[in-house]
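This is what each chain is made of:
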Amino acid sequence: MSHTVGIRQTQKLKTRQALLDAALQLLEHQSLSSLGLREVTRAVGVAPTAFYRHFDDTAALGVALVEEALGSLHGVIGAILAETGDSEARLDRSVELITRHVREQPAHFRFIAREQHGSVGPVREAIAAQLRRFAEEVAEALAAEPESRGWTDEDLLMLGSLYVDHMVITASAMLDAGPAGEAQVAEVTRRRLRLVTLGRRHWLDDTGTGT
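Described below are features of the structure shown in this document. Along every chain, residues carry numbers that run from 1 in the direction the sequence is written. Given that the model is predicted, a residue must reach a pLDDT of at least 70 before its local features are reported, and side-chain atom pairs must reach 80 or more before they are shown or counted; all residues, however, enter totals for whole chains, interfaces and linings. Calculation of side-chain values draws on the structure's entire complement of heavy atoms; hydrogens and water are dropped beforehand.

1. Quick word on the packing of aromatic side chains
Each aromatic ring pair is described using two quantities: the centre-to-centre distance and the angle formed by the ring planes. Put simply, the test is: Classification of ring pairs uses Phe, Tyr and Trp, with its six-membered ring standing for Trp, and accepts pairs whose centres are within 6.5 Å; under 30 degrees between planes counts as stacked, over 60 as edge-to-face, and the remaining range as tilted. A run of DSSP states H or I qualifies as a helix once it reaches four residues; a run of E qualifies as a strand once it reaches two. Both are numbered from the N-terminal end. Burial classification: accessible surface area is computed with a 1.4 Å probe over protein chains only, and a residue below 20% of its type maximum counts as buried, one above 50% as exposed, and the rest as partly exposed.
Scanning the model with the defined rule gives 3 aromatic pairs in all. On the numbers, 5.7 Å between centres and 80 degrees between planes, the contact of Phe 51 with Tyr 52 is edge-to-face. Their ring planes at 35 degrees and their centres at 6.0 Å tell us that Trp 151 and Trp 203 sit as a pair that is tilted. Of the two residues, Trp 151 sits in the loop between α8 (121-143) and α9 (153-201) while Trp 203 sits in the segment after α9, which places them 52 residues apart along the sequence. You can call Trp 151 buried: its relative accessible area is 11%. Here Trp 203 falls in the partly exposed class, since its relative accessible area comes to 22%.

Shown next as C-alpha cells:
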C-alpha cells in the first residue's frame, strides 16, 4: 500500500513540475495575467481539472514560480555573506552568482522582471517579499561587520535594499544585453557596488547625511 502511495505522490510531483515548466515556457511570450489554465494543461497533456489538484489558480502558480526562481538563492547568498575577508571580493562573488543564474535560468528571471510590476497582486507581493527577505539577510550580515558600528537597523536595511536593488537591475540588464554583453554589465555592476561600499565607509562622518 505504501509503495502505491509513493508512486502516486511521485507522479503528482511530476505533474506539478510539468505544469510549472509549461507555464514558464508560455510566459516567454505573454504576461501571467493573460495566461489561461487551459493553455497550461493542454501543453502538459492533462485535463483542466487536474490543474486544481496542484494550484488554486494561475496566480498561485505564479507564486510557485517566484519561489522556484528566487527561493533557492537564499542558501547560496547566505553562504557568500557568511564569508569573512575582503568585502569587495564578496561583491564580486555576488555578481558572479547573479551572472551564472541568469545564464542558467533566463526564463525564470524574465518572468521575475516582467511580473515584479505586473498586474497580478499575489505574485507582485511574493516577489517583493523575497526581495525584502534578501535585503534583511544582507543587512544582518552587514551588521556583524566592524564598519557597521554605530549604524541603525533602519540604515542597515536601507543599505541591504540598495545592494539587492542593484542585483535586480543587473539581472534585467543581463537579460537585455544577452551573452555578448554579459561581461560589460557585470563590470558596470561591480563598479557601482564598489562605489556604494566606499560611500558606506563615510556614512557616519561628521559631514555625512548619517549624522
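2. Some thoughts on α8
Filter applied, for reference: Multiplying 1.5 Å by the helix residue count minus one yields the expected span of that helix. In this description, contact between two residues means that some pair of their heavy atoms is separated by no more than 4.5 Å.
For α8, with 23 residues, the first-to-last C-alpha span of 32 Å sits near the 33 Å given by 1.5 Å per residue. Every buried residue of α8 is listed here: Gly 121, Val 123, Ala 126, Ile 127, Gln 130, Leu 131, Phe 134, Ala 135, Val 138, Ala 139, Ala 141 and Leu 142. The inward-facing, buried residues of α8 abut α4 (58-71), α5 (73-81), α7 (106-115) and α9.

3. Overview of the packing of α5 against α8
Heads up, the condition is: Here an angle of 0 to 180 degrees is reported between the N-to-C directions of two axes, which are lines fitted to C-alpha atoms, with helices fitted over the stretch in contact. Put simply, angles under 35 degrees are roughly parallel, angles over 145 are roughly antiparallel, angles from 65 to 115 are roughly perpendicular, and the rest are oblique. Left-handed describes a crossing whose near helix is turned anticlockwise from the far helix through less than a right angle; right-handed describes the clockwise counterpart. When residues are sorted by character, Ala, Val, Leu, Ile, Met, Phe, Trp, Tyr, Cys and Pro go into the nonpolar class, Asp, Glu, Lys and Arg into the charged class, and all the rest, Gly among them, into the polar class.
At their nearest, the axes of α5 and α8 sit 10 Å apart, and the two run at 15 degrees to each other. Looking at the two axes, α5 sits roughly parallel to α8. In the crossing of α5 with α8, the sense of the turn from one axis to the other is right-handed. Contacts between α5 and α8 pair Leu 73, His 74, Ile 77 and Leu 81 from the former with Gln 130, Arg 133, Phe 134, Glu 137, Val 138 and Ala 141 from the latter. Here the contact of α5 with α8 is built from residues that sort into 6 nonpolar, 2 polar and 2 charged.

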